[in-house]
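Below, each chain spelled out in residue letters.
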Amino acid sequence: MSFSIKNRQASIEKMKSEELDLLIIGGGITGAGVALQASAAGMKTGLIEMQDFAEGTSSRSTKLVHGGIRYLKNFDVEVVADTVQERAVVQAIAPHIPKPDPMLLPIYDEPKATFNMFSVKVAMDLYDRLANVIGTKYENYTLTKEEVLEREPQLKSEGLQGGGVYLDFRNNDARLVIENIKRAATDGGLMVSKVKAVGFIQNAQGKIIGVKAEDLLTGEQFDIKAKVVINTTGPWSDKVRGLDAKEKLVPQLRPTKGVHLVVDSSKLYVPQPTYFDTGKHDGRMVFVVPREKKTYFGTTDTDYTGDYEHPTVTQEDVDYLLEIVNSHYPKANVTIDDIEASWAGLRPLISENGGSDYNGGNNGKVSDESFNQVIDIVDKYKHQQATRFDVENVLNHLEDSLAESKENPSAVSRGSLLERSDDGLLTLSGGKITDYRKMAEGALKEIQRILKEEFDCVFELIDSKTYPVSGGNLDAANVETELNNLATIGLEKGLSQDAAEYLVHLYGSNVTELFEKIKVTEPVAGLSLAETLALHYALDNEMVLTPADYLVRRTNHLLFMRDTLDEVKQGVILEMSHYYEWSKEQKEHYTRELNQLIAESDLSTLKEGAK
């Protein structure tokens with residue numbers, strides 16, 4: 001089935017003319033997960049996204065499906081159990097996307113260290129039991145100081161005691177989104193990007209019965225009627241809720257910004273993902289991850305109040321990360337000029353339990369209750385109504401307001417929130433990429449109930465634990481073998497080993513569609529045969545509307561293949577201009593837009609300022 005500009009207008013016309021059972025606002029991972037399950041259940045489903053699919057938070061993560069081992073320091077077994085069990089489900093329904101990639105955790109003798117050699121072994125053993133990997137090749141093990149340095153010679157040796165290695169998973173966040181979207185479209189869902197919700201349609205009782213939308217490609221405004229409307233816009237959730245001026249808006253979110261920087265592996269080499277305390281006693285940890293012959297590191301995790309559409313990397317962000325990385329890899333001496341690419345993203349934390357441990361730690365803030373406890377006990381101590389022991393006891397048991405150990409009664413997964421406002425709008429917010437399927441499942445149960453009780457519409461929900469995303473028709477228990485077998489097909493048809501493997505890991509079981517066109521495809525100028533096949537497939541089947549959609553989110557070219565980007569982008573723009581029959585002005589517009597994104601990723605302004 002085609003999913004391209006050629007049927008985009010038809011989807012919009014259907015939205016305009018038919019009442020939907022469900023309209024989803026927001027095409028990140030949360031909305032995509034809801035769309036897949038709703039469409040598979042036979043609900044007449046529509047989804048609108050004001051940017052490209054995954055353009056916001058869902059293409060700007062740490063690109064891991066992280067197991068949250070850090071929670072085990074406090075023996076918060078339930079959190080880790082939930083995370084690793086759900087991670088296994090996601091790996092089963094999208095086996096070509098999350099890939100096992102064991103994590104190295106070097107242990108240093110330093111104040112406030114998250115783990116020592118004893119506690120890390122206890123935590124990893126418990127983690128393996130929860131992840132059900134005992135007795136497999138992914139079972140954890142410890143390394144001596146010498147073994148850690150043999151593996152990562154650039155690591156700081158001072159204070160190093162050893163290390164632990166445990167199972168974690170790398171992820172392609174934007175690909176996970178588009179594969180959910182494609183499956184929803186295949187099952188009849190109307191998935192449209194570059195369409196913005198600008199207002200709500202309400203009945204005489206003030207209940208939302210649809211959305212006023214604007215097509216950002218044409219400027220046309222139109223109405224979309226729906227029995228149920230759900231807001232899955234991540235950091236924008238409060239802004240969308242605020243479109244109903246009659247509703248009293250109590251903000252639910254506290255977005256934080258996370259920054260990642262990319263350098264060539266020749267500058268900073270790590271053989272596997274590495275995870276360590278910042279050394280700044282700020283409660284955070286940092287990831288250093290190899291990918292596509294590059295190494296990226298992050299994240300910063302700071303409160304954010306700026307432009308949600310364009311969070312940017314600041315000099316402060318760069319200085320913070322470079323100081324940490326150069327402290328832990330003193331032989332690397334990474335400078336801003338070594339940075340080849342970067343990205344900044346927002347995490348939509350629920351304000352009342354905005355835990356940020358998943359993406360690298362917390363920012364050290366405590367809750368109002370804990371803060372007041374400290375003030376109260378110190379005051380009592382000053383008035384000789386409490387002992388020094390009493391003060392130390394309170395300080396040692398501070399409730400970290402960023403911990404995600406509290407379960408909200410409205411949550412459908414830990415750290416998430418599903419609420420229905422008085423006007424009938426459902427909002428699903430918070431959570432982690434790992435939880436997206438579980439969050440969607442919880443939302444679908446509520447949507448199913450509303451449709452039955454309020455509209456007498458009955459739907460049977462699918463078992464989303466076994467329903468694969470597009471490209472996921474593989475045996476998850478033997479995914480390596482299956483992907484290798486697919487790569488062999490590409491090899492036999494004339495592709496190089498590297499090219500065949502690249503396409504297989506990008507498209508999973510869908511790669512056979514590309515391989516079938518090898519003999520009839522002429523490489524585009526500036527592109528290899530594999531790149532040409534990928535571009536044509538993305539234009540016909542992945543709703544690529546701009547060069548940035550393709551180079552940033554359908555592939556990782558801008559982030560991890562900067563060396564060839566300047567040449568490849570010319571071929572991409574040329575082929576897209578033919579495909580879409582762009583005018584000279586349109587071609588120049590999209591070229592400028594892409595060049596601006598590249599300059600931002602390159603940190604061109606900051607580099608110029610440093611000279």
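Reading the values: the criteria
- Residues numbered from 1 in each chain as written.
- Predicted model: local features only at pLDDT ≥ 70, side-chain atom pairs only at ≥ 80, totals over all residues.
- Heavy atoms only, no water.
- Helix = DSSP H or I, 4+ residues; strand = E, 2+ residues; numbered from the N terminus.
- Rg over C-alpha atoms; globule rule 2.2 N^0.38 Å.
- Buried < 20%, exposed > 50% of the residue type's maximum accessible area, 1.4 Å probe, protein only.
- Contact = heavy atoms within 4.5 Å.
- Areas by Shrake-Rupley, 256 points an atom, 1.4 Å probe, with all protein chains shown as cover.
- Phe/Tyr/Trp six-rings, centres within 6.5 Å; stacked < 30°, edge-to-face > 60°.
- Lys NZ or Arg CZ within 6 Å of the ring centre and 35° of its normal.
- Pairing = 2+ DSSP bridges.
- Core = buried A, V, L, I, M, F, W, Y, C linked by side-chain atoms within 4.5 Å.
- Salt bridge = Lys/Arg side-chain N within 4 Å of Asp/Glu carboxyl O.
- pLDDT = per-residue confidence, 0-100.
- Axes fitted to C-alpha atoms, helices over the stretch in contact; angles between N-to-C directions.
- Parallel < 35°, antiparallel > 145°, perpendicular 65-115°, else oblique.
- Left-handed = near helix turned anticlockwise from the far one by under 90°.
- Nonpolar A, V, L, I, M, F, W, Y, C, P; charged D, E, K, R; others polar.
- Expected span 1.5 Å × (residues − 1).
- Arc of directions from axis to C-beta.

## Quick notes on the overall build of the protein
Secondary structure summary: the protein contains 20 helices and 20 strands in total. Here the C-alpha radius of gyration of the protein, 25 Å, is about what a compact globule of 611 residues would show, namely 25 Å. Considering only C-alpha atoms, the protein reaches an extent of 75 × 65 × 55 Å along its principal axes. When the 611 residues of the protein are sorted by exposure, 58% land in the buried category. Long-range contacts, defined as pairs at least 24 residues apart, comprise 72% of the intrachain contacts of the protein with a sequence gap of at least 6. Per element, the accessible surface of the protein, about 25200 Å² overall, is 49% carbon and sulfur.

## Describing the packing of aromatic side chains
Think of a pair of aromatic rings as described by two things: how far the centres are apart, and how the planes are tilted against each other in angle. Per the stated rule, a full pass over the model turns up 13 aromatic pairs. Ring geometry for Y296 versus W343: centroids 5.3 Å apart, planes at 55°, classification tilted. One end of the pair, Y296, is in strand 16 (residues 294-298); the other, W343, is in strand 18 (residues 341-347), and 47 residues separate them in sequence. The class of Y296 is buried, set by a relative accessible area of 1%. Where Y304 meets Y308, the ring centres are 6.3 Å apart and the plane angle is 40°; that geometry is what we call tilted. A relative accessible area of 16% means that Y308 is categorised as buried. Within the aromatic cluster, the residues linked to one another by ring pairs are Y579, Y580, W582 and Y590. In this arrangement the basic side chain of K63 is found over the ring face of W343, its NZ or CZ atom lying 4.9 Å from the centre. In this structure, K239 is placed above the aromatic ring of Y308, and the distance from its NZ or CZ to the ring centre is 4.5 Å.

## Here's the deal with the sheet that holds strand 4 (residues 99-100)
As summarised here, the arrangement of the 3 strands in space is 3-8-4, forming an open sheet in which the pairing is antiparallel. Two strands lie at the open edges of the sheet, namely strand 3 (64-65) and strand 4, each paired on one side alone.

## Focus: the nonpolar core
Side chains that are nonpolar tend, in soluble globular proteins, to be buried together. Counting 118 residues, the largest nonpolar core has V34, F53, I181, M191, I230, I447 and L503 as its most contacted members. Examining the composition of this core, we find that 8 residues originate from one element, helix 11 (residues 436-455), more than from any other. Excluding residues within four positions of it along the chain, I181 makes contact with F3, A32, L47, F53 and M191. Ranked by size, the runner-up nonpolar core spans 31 residues in total, among them V165, F297, V318 and L321.

## Structural notes on the environment of L160
For L160, the location among the structural elements is in strand 7 (residues 160-166). Sequence-wise, L160 and T144 are 16 residues apart; in three dimensions their C-alpha atoms are separated by 9.2 Å. Excluding anything up to four places from it in sequence, L160 contacts P106, I107, Y108, K145, V148 and L149.

## Brief notes about the pattern of salt bridges
A complete count under the given rule lists 37 salt bridges for this structure. Here K257 and D317 are joined by a salt bridge, their closest N and O atoms 2.7 Å apart. With K257 in strand 13 (residues 256-264) and D317 in helix 8 (residues 315-328), this pair connects stretches of sequence that are 60 residues apart. Residue classification places D317 among the buried residues on the basis of a relative accessible area of 6%. Note that E454 is salt-bridged to R420, the shortest N-O span being 2.7 Å. You can see E454 sitting in helix 11 and its partner R420 sitting in strand 19 (residues 416-420), a full 34 residues away along the chain. Overall, E454 belongs to the partly exposed group, its relative accessible area being 41%. Members of the salt-bridge network, linked through shared partners, are D52, E55, K194, D549, R553 and R554.

## A closer look at the confidence of the model for the protein
The predicted coordinates ought not to be read in detail in places where the model reports low pLDDT. Per-residue confidence for the protein averages 91 on the pLDDT scale, and 91% of its residues sit at or above 70. In this model residues 354-366 is a low-confidence stretch, pLDDT under 50, and it forms 63 contacts with partners more than four residues away in sequence or in other chains. Counting interchain partners and residues more than four positions distant, the pLDDT-below-50 stretch residues 397-407 has 39 contacts.

## Focus: the pairing of strand 16
In terms of residue burial, strand 16 counts as a mostly covered element, since 5 of its 5 residues are buried. Judged by which residues are buried, strand 16 turns out to be covered on both faces: K294, Y296 and G298 on one side and T295 and F297 on the other are all buried. Pairing of strand 13 with strand 16 involves 5 bridges; the strand directions are antiparallel. Looking across to strand 16, one finds that H260 is bridged to G298. Where strand 15 (residues 285-291) meets strand 16, 5 bridges bridge the pair, whose relative direction is antiparallel.

## Let's talk about the packing of helix 15 (residues 529-541) against helix 18 (residues 562-580)
For the pair helix 15 and helix 18, the least separation of the axes is 11 Å and the interaxial angle reads 40°. Considering the angle they form, helix 15 stands oblique to helix 18. In this structure, helix 15 crosses over helix 18, and the sense of that crossing is right-handed. Residues E531, L535, H536, L539 and D540 of helix 15 form the contact with helix 18, whose own contacting residues are V568, V572, E575, M576, Y579 and Y580. Residue classes in the contact of helix 15 with helix 18 are distributed as 7 nonpolar, 1 polar and 3 charged.

## Digging into helix 6 (residues 173-186)
Between the first and last C-alpha of helix 6 there are 20 Å, a value that for 14 residues agrees with the 20 Å anticipated at 1.5 Å per step. Counting buried positions over the 14 residues of helix 6 gives 13, a clear majority of the element. With its phi angle positive at about 100°, G188 sits one or two positions after the end of helix 6.

## Remarks on the side chain of S237
Within the fold, S237 resides in helix 7 (residues 237-241). Not counting chain neighbours up to four residues away, the residues in contact with S237 comprise N231, L253, T427 and S429.

## Some details on the packing of helix 12 (residues 479-492) against helix 13 (residues 497-507)
Relative to each other, helix 12 and helix 13 sit at 130°, their axes nearing to 8 Å. Accordingly, the angle class assigned to the pair helix 12 and helix 13 is oblique. Of the two elements, helix 12 crosses helix 13, and the hand of that crossing is right-handed. Here L483, L486, A487, G490 and L491 of helix 12 lie close against helix 13, whose contacting residues are Q497, A500, E501, V504 and H505. Broken down by class, the residue content of the contact of helix 12 with helix 13 amounts to 6 nonpolar, 3 polar and 1 charged.

## As for helix 19 (residues 584-602)
Helix length check: helix 19, at 19 residues, gives a terminal C-alpha distance of 27 Å against a target of 27 Å (1.5 Å per residue), a fit within 8%. Every buried residue of helix 19 is accounted for by Y590, L594, I598, S601 and D602. Axial view of helix 19: buried residues confined to an arc of 115°, hence all on one face. Among the exposed residues of helix 19, those oriented more than 90 degrees off its buried face are E585, R592 and Q596. Lining the buried residues of helix 19 we find strand 18, helix 16 (547-554), helix 17 (557-560), helix 18 and helix 20 (604-610). Where helix 19 ends, the next residue or the one after it, L603, has phi of about 60°, a positive value.

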